[in-house]
Amino acid sequence: MLISGGQVQQAIQRVAQRVNADCRGGKFQRPVALITLNGALVFGGELFRQLEGDWEVGFVKVSSYAADMQSTGDVQVDVPPTVDVAGRDVIVVEDVVDSGKTVKSLLTLLDKVGARSVRIATLLFKPGAYKAGIPIDYVGLPICDEFVVGYGLDYDQAGRNLSAIYVLDE
Ligand code: 5GP
Ligand code: MG
């Protein structure tokens, strides 16, 4: 086991506290938590429950990984944002930021549809693999550059319901 269920919960609490602190004082009107499917469903649900104030939830699905452990290259938009984010303040909720390709594409996409501001919250971050250079606003836990499963993250669609996070054995 890489990260216990308890450590995951603590990380989510820290992220929620920081988001709540940043959103106090009416700076953002009805911000949108845009959860990326399918991986961030579990983290996003728990984070959303801990957000204070008037939040809307939405989903977006992009894919950059196939069923294997290698990146396929291009990121493709499978489900466009389910909430109209034009003029809105958005927090993109990601399960893991690896090379940063997905985050970069999401930022381009949200810019195109006219989001007012975009921040990124991710449960896991792989600093050793990250190449996008865009600062990640909220990181739950930095991890090593290995393929992990659990707490929403899958291997070939399996393992998402695990409450802890494990490094996948090859
Ligand atoms: P990036 O575009 O940053 O390279 O990759 C981000 C996406 O790739 C994540 O949203 C996730 O879907 C997938 N991914 C990257 N690393 C892992 C990993 O360790 N485990 C799993 N299950 N998916 C990963
Ligand atoms: Mg993801």
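Everything that follows concerns the structure shown earlier in this document.
Because the structure is a prediction, the values reported are computed rather than measured.

J.: Can you walk me through the site of ligand 1 in this structure?
T.: In the vicinity of ligand 1, 17 residues are found, and the nearest of them are S99, T102, K126, V148 and D154. Between an oxygen atom of ligand 1 and a main-chain N or O atom of G100, the distance comes to 2.8 Å. Protein chains bury 90% of the 500 Å² of accessible surface belonging to ligand 1 in isolation. Contributions of two or more residues to the shell around ligand 1 are made by β2 (56–65), β4 (89–97) and α3 (101–112). Its residues assigned to classes, the shell around ligand 1 shows six nonpolar, four polar and seven charged.

J.: Even after reading the chapter, I still don't get the coordination of the magnesium ion (ligand 2), so can you show me in this structure?
T.: Four donors placed tetrahedrally around a metal ideally meet at 109.5 degrees, and six donors placed octahedrally ideally meet at 90 or 180 degrees. Around the magnesium ion (ligand 2), the protein contributes the donor atoms E94 (OE) and D95 (OD), which lie 2.3 to 2.5 Å from the metal centre. As far as the burial class goes, E94 and D95 line up, both buried.

J.: For this particular structure, what's the right way to read the environment of R116?
T.: Within the secondary structure layout, R116 lies in the loop between α3 and β5 (117–125). A relative accessible area of 54% means that R116 is categorised as exposed. Put simply, R116 and R49 are 67 residues apart on the chain and 23 Å apart in space, counted from C-alpha to C-alpha. Ignoring anything within four residues of it in the chain, the contact list for R116 reads K27, V85, G87, R88 and D89. Side-chain polar atoms of R116 contact the side chain of D89, separated by 3.1 Å.

J.: So what exactly am I meant to see when it comes to the packing of aromatic side chains here?
T.: Two measures describe an aromatic ring pair: the distance that separates the ring centres and the angle between the ring planes. Scanning all chains against the criterion turns up two aromatic pairs. Between the aromatic rings of F125 and Y130, the centroid separation amounts to 5.0 Å while the plane-to-plane angle is 70°, which identifies the pairing as edge-to-face. The pair formed by F125 and Y130 is uniform in burial state, with each residue classed as buried. Note that R119 overlies the ring of F28, its terminal NZ or CZ placed 4.2 Å from the centroid.

J.: What's the story with the environment of Y166 in this structure? I'm lost.
T.: Tracing the backbone shows Y166 in strand β8 (residues 166–167). Residue Y166 is classed as partly exposed on the basis of its relative accessible area of 29%. Contacts of Y166, omitting those with residues within four sequence positions, involve M1, L2, F147, V148 and V149.

Rules behind the numbers
Every chain is numbered on its own, with residues counted from 1 as its sequence reads. Each chain takes a letter, starting from A, and each ligand takes a number, starting from 1, following the order in which they are written. The predicted origin of the model limits local features to residues at a pLDDT of at least 70 and limits the giving and counting of side-chain atom pairs to 80 or more, whereas totals for whole chains, interfaces and linings rest on all residues. As a convention, hydrogens and water are excluded, and side-chain values are obtained from all of the structure's heavy atoms. Being near a molecule or strand, for a residue, means having at least one of its heavy atoms within 4 Å of it. Whenever a nitrogen or oxygen atom comes within 3.5 Å of another N or O atom, the pair is scored as a polar contact, on the condition that within protein one atom can donate a hydrogen and the other can accept it, and that pairs from neighbouring residues in sequence are kept only if both atoms are in side chains. Exposure was quantified through the Shrake-Rupley algorithm and a 1.4 Å probe, taking into account, for residues, occlusion by the shown protein chains and nothing else. The helix and strand labels rest on DSSP assignments: H or I over at least four residues marks a helix, E over at least two residues marks a strand, and numbering proceeds from the N terminus. Think of it as three bins: nonpolar holds Ala, Val, Leu, Ile, Met, Phe, Trp, Tyr, Cys and Pro, charged holds Asp, Glu, Lys and Arg, and polar takes everything else, Gly as well. Here a donor is an N, O or S atom found within 2.8 Å of the metal, or within 3.2 Å if the metal is Na, K or Ca; sites may look incomplete because water is not among the atoms. Here the term buried applies to any residue with accessible area under 20% of the maximum for its type, exposed to any over 50%, and partly exposed to those in between, with areas from a 1.4 Å probe on protein chains only. Whether two residues touch is decided by their heavy atoms; if any such pair falls within 4.5 Å, the residues are in contact. Planes of paired rings set the category: under 30 degrees apart is stacked, over 60 is edge-to-face and the rest tilted, where pairs are Phe, Tyr or Trp rings (Trp by its six-membered ring) whose centres lie within 6.5 Å. Consider the ring centre and the ring normal. A charge sits over the ring if Lys NZ or Arg CZ is within 6 Å of that centre and within 35 degrees of that normal.

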